[in-house]
Amino acid sequence: MTKKKKEEKQDFLAVIKLVSGEEIISTVTSCEENDRVLLLLDSPVMFESVMIRNNGVGAIKVIPWVQAATDTILILDMDKVITMSEIFDKEVIRIYNRYMVDKDRETNESMVTKDMGYLSTVTDARIFLEKLYKKKNQ
């Protein structure tokens, strides 16, 4: 007698359309309990399109689906779902992952690295920019 290996449940990033009309994006794992299919959502969010400073540039604002939740894992009954689709768009994945990294930061400051460009003092930068400006005007 051979034992069949249970297929491991894989979690994946998906967009979920709910019967309420909301569209949420989350890492999803499905599970069955008492003949019901439940979705385990890890840090579900909603994307909102916003315009920046009336100059026509659009951006995506990421907000938590449940604002007051302290737990990152939420349970959703499948009967509340109209449709669900795995996300393969690299830009959407990048935005979601960036949000996941930044969501718990207490300040808006970034860690400065050499990959960000050249670092200098204010005096050195001023001298460089003055030389550049003078050269341009000659």
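Scope of this entry: the structure provided in the associated data block. (Residues numbered from 1 in each chain as written. Predicted model: local features only at pLDDT ≥ 70, side-chain atom pairs only at ≥ 80, totals over all residues. Heavy atoms only, no water.)

1. What to know about the nonpolar core
Grouped together as the largest cluster of nonpolar side chains are 13 residues, with contacts concentrated most on Ile-16, Leu-18, Ile-24, Leu-39, Leu-41, Trp-65 and Leu-76. Elements that contribute at least two residues to this core include exactly strand 1 (12-18), strand 2 (23-33), strand 3 (36-52) and strand 5 (73-77). Once residues lying within four places of it in the same chain are set aside, the contact partners of Trp-65 are Leu-18, Glu-22, Ile-24, Leu-41, Pro-44, Val-45, Met-46, Leu-74 and Leu-76. By size, the runner-up hydrophobic cluster in this structure holds nine residues, among which are Val-45, Val-92, Tyr-96 and Tyr-99. (Core = buried A, V, L, I, M, F, W, Y, C linked by side-chain atoms within 4.5 Å. Buried < 20%, exposed > 50% of the residue type's maximum accessible area, 1.4 Å probe, protein only. Helix = DSSP H or I, 4+ residues; strand = E, 2+ residues; numbered from the N terminus. Contact = heavy atoms within 4.5 Å.)

2. Describing helix 1 (residues 90-102)
Since the α-helix advances by 3.6 residues per turn, residues separated by three or four positions end up pointing in the same direction. With 13 residues, helix 1 extends 18 Å from end C-alpha to end C-alpha; this agrees with the ideal 18 Å at 1.5 Å per step. Those residues of helix 1 that fall on the buried side of the exposure criterion are Val-92, Ile-95, Tyr-96 and Tyr-99. Within helix 1, the buried residues cover an arc of 95° as seen down the axis, which keeps them to one side. Those residues of helix 1 that are exposed and angled more than 90 degrees off the buried face are Lys-90 and Val-101. (Expected span 1.5 Å × (residues − 1). Arc of directions from axis to C-beta.)

3. A few points about unusual backbone geometry
Residues other than glycine seldom take positive phi values, yet Asn-34 does so here, at roughly 50°. Note on placement: Asn-34 falls in the loop between strand 2 and strand 3. Classification of Asn-34 as exposed rests on a relative accessible area of 70%.

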